[in-house]
Amino acid sequence: MTDAFKGKLSFLKDRVTKRIEQVIVPKSPLSLYDPMLYAVSSSGKQLRPVLLMLVNEALGGDLAQSIHAAVSLELIHNFTLVHDDIMDHDDLRRGRETVFKRWDENVAILAGDGLLVMAYLELAQTSPDSLAKVLHVFSQGILEVCEGQTLDKDFETREEISLQEYYEMIDKKTGQLFAVACQVGALLAGAHEEQTAAMVQYGKMIGRAFQIQDDLLDAISQEYVFGKNIGSDLEEHKKSFLVVHALNSPYRDKCERLIKKEKITSGDIQKIVQIFKKIGTIDAAKNEILQTLSHARNALAELPANENRDFLSELIDTIATRKS
Ligand code: IPE
Ligand code: IPE
Ligand code: MG
Ligand code: MG
Ligand code: MG
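Just so you know, these numbers come straight off a predicted model, no measurement behind them.

**Digging into the site of ligand 1**
Thinking step 1. Around ligand 1, a shell composed of G44, K45, R48, H77, L81, R94, T174, F210, Q211 and D214 is seen.
Thinking step 2. Interatomic distance of 2.6 Å between a side-chain N/O atom of K45 and an oxygen atom of ligand 1.
Thinking step 3. Protein burial of ligand 1: of its 390 Å² of free accessible surface, 90% is covered by the chains.
Thinking step 4. Listed by contribution, the elements that provide at least two residues to the shell around ligand 1 are helix 4 (63-87) and helix 9 (193-220).
Thinking step 5. Per-element tally for the shell around ligand 1: the top contributor is helix 9, with 3 residues.
Thinking step 6. When the residues that make up the shell around ligand 1 are grouped by side-chain class, the tally is 2 nonpolar, 4 polar and 4 charged.

In structure tokens form, the structure reads like this:
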């Protein structure tokens, strides 16, 4: 990572963090606002707002224009995580207890709802010239995340999932918010149609690669590095990239029984991961990530050459190498 990109990232993240601190403040009833604050205070990577602001600047926009939509998107992302952890029965996020684990499910449902509404209040600060269009893109995007999350849950009990169905699911549950980030960044800069379409493609490909990497890390990382429960996808019978690849490979018989066991132990998880390594599933995931990212890189050619385009290119490199 170049020093210039490092500096840019930390500048943009700092702006997002400061604005979130202004927007989500402790007030009564604390049993609603404390868990909301908790969810946003352990700031994550803030990739989606960074993308929105970088795309915006790369196309001639400025931060004053994009900051509210960027912060709104980060709040929406946090809302999806709070609810996702309930659905996935996960205890750990960003190295800390999840909201529903620390409080309970009702608290987490309301904290998530509250974050979504705060996100819309923040979005409403966007200039009236573009607000109607931005509202539409955000709302459509969130609806697609709900569709993707529904498919994710439905697939847990489905026997056969093709790679194509897997991509549809992850493009919706994860790719969408990355695509929204890029589309809105372009929209607020007044970009023309081809550039906006290229940025949507860039965001979608980054999001797709990001989710495959997430599936990979869920199996092979370590809890203290990843900050989330390892093996959770296998325990929950998720149709992750790894599972879909293995079950659609000629080596299906080697792992099917273990993957489909009703109660999967940590010993089973280790065995399954060993099989994934042996039959080429881990390598297939790594290759797929790189190939998907090369599509993201191609989409950048539509942008004018400038420092921010270089940053968007550097951002691609961080996706494949991320550890948490
Ligand atoms: C987690 O997203 C949800 C997925 C789409 C895998 P991030 O990994 O971007 O979460 P934070 O905000 O950095 O913790
Ligand atoms: C994340 O998928 C998708 C959304 C939160 C919408 P995961 O369930 O894999 O995300 P993590 O691993 O819990 O962060
Ligand atoms: Mg999850
Ligand atoms: Mg999930
Ligand atoms: Mg995951």
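After that view, the rundown keeps rolling.
**Looking at the site of ligand 2**
Thinking step 1. Every residue near ligand 2 is listed here: T80, L81, D84, D88, R93, V145, Q149, K173, T174, Q211, D214 and K228.
Thinking step 2. A distance of 2.8 Å is found between an oxygen atom of ligand 2 and a side-chain nitrogen or oxygen belonging to D88.
Thinking step 3. Q211 has a polar side-chain atom sitting 3.3 Å from an oxygen atom of ligand 2.
Thinking step 4. Burial of ligand 2 by the protein chains amounts to 92% of its free accessible area of 390 Å².

**Description of unusual backbone geometry**
Thinking step 1. For the peptide bond that leads from S28 to P29, omega is 0°, which places it in the cis range.
Thinking step 2. The backbone of R94 shows a phi angle near 50°, a positive value even though the residue is not glycine.
Thinking step 3. When you line up the elements, R94 lands in the loop between strand 1 (92-93) and strand 2 (96-97).
Thinking step 4. With a phi close to 60°, H237 is a non-glycine residue in the positive phi region.
Thinking step 5. In this structure, H237 sits in the loop between helix 11 (232-235) and helix 12 (241-247).
Thinking step 6. According to the relative accessible area criterion, H237 is partly exposed, its value standing at 22%.

**Description of the nonpolar core**
Thinking step 1. Membership of the largest hydrophobic core comes to 104 residues, with the highest contact counts inside it found for L75, Y202 and L315.
Thinking step 2. Counting residues per element, this core draws most heavily on helix 8 (residues 163-188), at 13 residues.
Thinking step 3. Residues contacting L315, with those up to four places away along its chain left out, are F5, L47, V50, L51, L54, Y202 and I206.

**Things to note about the pattern of salt bridges**
Thinking step 1. Enumeration over the complete set of coordinates arrives at 22 salt bridges.
Thinking step 2. The shortest N-O distance in the salt bridge between D152 and K173 comes to 3.0 Å. Here the residue D152 occupies a position in helix 7 (residues 128-156), and K173 occupies one in helix 8, the gap between them amounting to 21 residues.
Thinking step 3. Judged by relative accessible area, which is 6%, D152 ranks as buried.
Thinking step 4. One network of salt bridges, with partners in common, ties together D88, D152, K153, E156, K173 and K238.

**A word on the coordination of the magnesium ion (ligand 3)**
Thinking step 1. Bound to the magnesium ion (ligand 3) on the protein side are D84 (OD) and D88 (OD), at distances that span 2.1 Å.
Thinking step 2. The metal-metal distance between the magnesium ion (ligand 3) and the magnesium ion (ligand 4) is 3.1 Å, with D84 serving as a donor to both.
Thinking step 3. By relative accessible area, which is 13% here, D84 ends up buried.
Thinking step 4. A relative accessible area of 9% places D88 in the buried class.

**Regarding the packing of aromatic side chains**
Thinking step 1. Applying the stated criterion across every chain, the model contains 5 aromatic pairs.
Thinking step 2. Taken together, the ring pairs connect Y166, Y167 and F241 into an aromatic cluster.
Thinking step 3. Its guanidinium or amino end placed over the ring of Y38, R96 lies 3.8 Å from that ring's centre, counting from NZ or CZ.
Thinking step 4. Across from the ring centre of Y167, 4.4 Å away, lies the NZ or CZ of R208, which sits over that ring.

How each quantity is defined
- Residues numbered from 1 in each chain as written.
- Chains lettered and ligands numbered in written order.
- Predicted model: local features only at pLDDT ≥ 70, side-chain atom pairs only at ≥ 80, totals over all residues.
- Heavy atoms only, no water.
- Near = heavy atom within 4 Å.
- Polar contact = N/O pair within 3.5 Å; in protein donor to acceptor, adjacent residues only side chain to side chain.
- Areas by Shrake-Rupley, 256 points an atom, 1.4 Å probe, with all protein chains shown as cover.
- Helix = DSSP H or I, 4+ residues; strand = E, 2+ residues; numbered from the N terminus.
- Nonpolar A, V, L, I, M, F, W, Y, C, P; charged D, E, K, R; others polar.
- Buried < 20%, exposed > 50% of the residue type's maximum accessible area, 1.4 Å probe, protein only.
- Core = buried A, V, L, I, M, F, W, Y, C linked by side-chain atoms within 4.5 Å.
- Contact = heavy atoms within 4.5 Å.
- Salt bridge = Lys/Arg side-chain N within 4 Å of Asp/Glu carboxyl O.
- Donors = N, O, S within 2.8 Å, 3.2 Å for Na, K, Ca; no water.
- Phe/Tyr/Trp six-rings, centres within 6.5 Å; stacked < 30°, edge-to-face > 60°.
- Lys NZ or Arg CZ within 6 Å of the ring centre and 35° of its normal.

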